[in-house]
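# A structural walkthrough
Letter by letter, the chains look like this.
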Amino acid sequence: QEQVGESGGGWGQPGGSVRLFCVASGSIYKLNGMRWHSQEPGKQRELVAEITSDGRTDYLDSVKGRFTISRDNVKKTAYLQMNSLKPEDTAVYYCNADIVTNWYSNLDLWGQGTLVTVSS
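Here the structure is a predicted model, which is why all the values come from computation and not from measurement.

So, about the nonpolar core. Ranked by internal contacts, the top residues of the largest apolar core, which has 28 residues, are L20, M34, W36, F67, L80, M82 and Y93. Every element with two or more residues in this core is listed here: β3 (18–25), β4 (28–39), β5 (46–51), β7 (67–72), β8 (77–82), β9 (91–101) and β11 (114–118). Take this core: its biggest share by element is five residues, from β9.

Written as structure tokens, this is what we have:
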């Protein structure tokens, strides 16, 4: 079936870097928008970064200049490069992708999340 899965989460120190990966798989005809969201325990999930099918990006204000979202359509992968990490970046990060299947159906996919912990 069509799905996305995240990897790359783990520990990072303040000022350091972490890179997240989101791989889409299945009967995918086209990847549309891909997004990264974050969620702290007990808090609402928040959109962190978005990249459209033609490469346009948008970011949460607090991560502008520090995080970069990118994509590789051949590999069906989205990346989140997280630089200049801050403790408040600590959260579970979820990948979200809008796709068109080979059967021309539109799907909104969510990954299971990957934890990023930023601490000294």
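So much for the structure itself; the text now carries on.
Counting through the fold element by element, V18 comes out in strand β3. Judged by its relative accessible area of 7%, V18 falls in the buried class. Sequence spacing of V18 and S7 is eleven residues, and the spatial spacing of their C-alpha atoms is 11 Å. If we skip the residues at most four places from it in the chain, V18 touches G8, W11, G12, L80, Q81, M82, L85 and V116.

Counting through the fold element by element, D98 comes out in strand β9. When the C-alpha atoms of D98 and W110 are compared, they prove to be 9.1 Å apart, with twelve residues separating the residues in sequence. When near neighbours in sequence (up to four residues on either side) are disregarded, D98 contacts K30, L31, N32, G33, R35, L107 and D108.

Within this structure, the stated rule accounts for two aromatic pairs. With a centroid separation of 5.6 Å and 75 degrees between ring planes, the pair formed by F21 and Y79 is classed as edge-to-face. Here Y79 lies in strand β8 and F21 lies in strand β3, a separation of 58 residues in the sequence. In this structure Y79 comes out as buried when scored by relative accessible area, which is 11%. Sitting over the ring of Y79, R19 keeps its end group 4.4 Å from the ring centre.

Further remarks concern the state of the cysteines. Within the structure shown, the criterion is met by one disulfide. The disulfide bridge from C22 ends at C95, spanning 1.9 Å between sulfur atoms. One quick way to see it: the torsion about the S-S bond of C22 and C95 is about -75 degrees, and its sign makes the bridge left-handed. Highlighted residues: C22 in strand β3 and C95 in strand β9, separated in sequence by 73 residues. We classify C22 as buried; its relative accessible area is 0%.

A few words on the sheet that holds β3. One open sheet accounts for four strands, arranged β1-β3-β8-β7; its pairing is antiparallel. If you trace the sheet from one side to the other, it starts and ends with β1 (3–7) and β7, each paired once. Taken over all neighbouring pairs, the strand axes of this sheet differ in orientation by 15 degrees on average, direction set aside. In this sheet, β3 lies alongside β1 in antiparallel orientation, the contact comprising five bridges. Bridge assignment links G5 to a residue of β3, and that residue is V23.

Definitions and limits used
Residues numbered from 1 in each chain as written. Predicted model: local features only at pLDDT ≥ 70, side-chain atom pairs only at ≥ 80, totals over all residues. Heavy atoms only, no water. Core = buried A, V, L, I, M, F, W, Y, C linked by side-chain atoms within 4.5 Å. Buried < 20%, exposed > 50% of the residue type's maximum accessible area, 1.4 Å probe, protein only. Helix = DSSP H or I, 4+ residues; strand = E, 2+ residues; numbered from the N terminus. Contact = heavy atoms within 4.5 Å. Phe/Tyr/Trp six-rings, centres within 6.5 Å; stacked < 30°, edge-to-face > 60°. Lys NZ or Arg CZ within 6 Å of the ring centre and 35° of its normal. Disulfide = S-S within 2.5 Å. Pairing = 2+ DSSP bridges. Axes fitted to C-alpha atoms, helices over the stretch in contact; angles between N-to-C directions.

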